[in-house]
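What follows is each chain in one-letter form.
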Amino acid sequence: HNARVQFTVDPLIRYGLDYTGDVVRPTKSLDGGVSWTPLAADPTGAEAYTLLVDYNNPDRVLVSDYAHLYLSTNGGTSFAQKFFTSDNNSGLHIAGAFFDGQNIYVGTGKGLLVSTNGGGSFVLASATGSRRTWSCPASIRTLSNRLSINCVSRSVPLCSEITSRPIWSVFR
């Protein structure tokens, strides 16, 4: 399960995945977690895999199912599809996301999705090397204003850290 509460700068607004029954639905709390309501606009049809929220902008919500990535910019009232994979073997694994103002970085098993316009569009970051030998990222995290992107190779782990943009230049 990918069940974890997504906290926001507003202590009353929280998001999570509800695993009640045979469905997985994105939910939202407006009272600090006392009560939870499924998002009526759930684009996954109750088959959500991942839910991630911009801590500083509680209206920006990412939700994925097996093959799609969706973005809401209005707190889950509506969603727009931002990425799709037709890979029936591995699907669209989401490792994490980093929100930096208008920049959004989403680590997937297909590569690093980057938006520089607040989620209006996403592109797969270009990287050197054969896509058959690496998958990125295994995780995304920040420490002291540094963005750490950890990738995995079939033979050895690769780690890159950046302090400036563009992010796709970190892959050598």
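Parameters at a glance
- Residues numbered from 1 in each chain as written.
- Predicted model: local features only at pLDDT ≥ 70, side-chain atom pairs only at ≥ 80, totals over all residues.
- Heavy atoms only, no water.
- Helix = DSSP H or I, 4+ residues; strand = E, 2+ residues; numbered from the N terminus.
- Contact = heavy atoms within 4.5 Å.
- Areas by Shrake-Rupley, 256 points an atom, 1.4 Å probe, with all protein chains shown as cover.
- Patch = residues over 30% accessible without salt bridge, like charges linked within 9 Å, V, L, I, M, F, W, Y side chains within 5 Å.
- Salt bridge = Lys/Arg side-chain N within 4 Å of Asp/Glu carboxyl O.
- Buried < 20%, exposed > 50% of the residue type's maximum accessible area, 1.4 Å probe, protein only.
- Pairing = 2+ DSSP bridges.
- Axes fitted to C-alpha atoms, helices over the stretch in contact; angles between N-to-C directions.
- pLDDT = per-residue confidence, 0-100.

K.L.:
Could you clarify how one ought to interpret the overall build of the chain in this entry?
P.N.:
Counting its regular elements, the chain contains zero helices and 15 strands. Sequence-distant contacts, at least 24 apart, represent 33% of the contacts inside the chain between residues at least 6 apart. Of the roughly 9100 Å² of accessible surface on the chain, 51% is carried by carbon and sulfur atoms.

K.L.:
Would you take a moment to explain the environment of I13 for this structure?
P.N.:
Along the polypeptide, I13 turns up in the loop between β1 (6–7) and β2 (14–18). Along the backbone, I13 and L30 are 17 residues apart, and their C-alpha atoms lie at a distance of 4.7 Å. Those residues in contact with I13 that lie beyond four places of it in its chain are Q6, F7, T8, K28, S29, L30 and P58.

K.L.:
Help me understand a nonpolar patch on the surface in this model?
P.N.:
Judged by side-chain polarity, V5, F7, V9, W36 and Y55 come together as a nonpolar surface patch covering roughly 470 Å² of accessible area. With respect to the helices and strands, Y55 occurs in the loop between β5 (50–53) and β6 (61–64). Accessibility expressed as a relative area gives 43% for Y55, which makes it partly exposed.

K.L.:
Is there a simple way to explain the sheet that holds β6 in this structure?
P.N.:
The pairing of strands in a sheet comes from backbone hydrogen bonds and takes either a parallel or an antiparallel form. An order of β5-β6-β7-β8 is seen for the four strands of this open sheet, with the pairing classed as antiparallel. Single-partner strands in this sheet number two, and they are β5 and β8 (80–84). For this sheet, the mean angle separating the axes of adjacent strands, direction not counted, is 20 degrees.

K.L.:
I would appreciate a short explanation of the sheet that holds strand β10 (residues 103–108) in the present structure.
P.N.:
As summarised here, the arrangement of the four strands in space is β9-β10-β11-β12, forming an open sheet in which the pairing is antiparallel. At either margin of the open sheet sits one strand with a lone partner, and together these are β9 (94–100) and β12 (123–124). Taken together, the two bridges between strand β11 (residues 111–115) and β12 define a ladder with antiparallel strand orientation. By the bridge assignment for β12, V114 is matched with V123.

K.L.:
In this structure, what is going on with the pairing of strand β7 (residues 68–72)? I would like to understand it.
P.N.:
Regular strands place their side chains on alternate faces of the sheet. Within β7, five of the five residues are buried, which leaves it mostly tucked inside the rest of the structure. Side chains H68, Y70 and S72 of β7 all project onto a buried face; the interleaved residues L69 and L71 project onto the opposite face, where all are buried too. In this sheet, β7 lies alongside β6 in antiparallel orientation, the contact comprising four bridges. Within the sheet, the bridge partner assigned to V61 lies in β7 and is S72. Linking two consecutive strands that pair antiparallel, namely β6 and β7, is a turn of three residues.

K.L.:
Would you mind going over the confidence of the model for the chain with me for this structure?
P.N.:
Of all residues in the chain, 73% attain a pLDDT of 70 or more, and the chain-wide mean is 81. Below pLDDT 50 for its whole length, residues 129–138 participates in 35 contacts with residues either more than four positions away or in separate chains. In the model, residues 152–172 has pLDDT below 50 throughout and makes 46 contacts with residues more than four positions away in sequence or in other chains.

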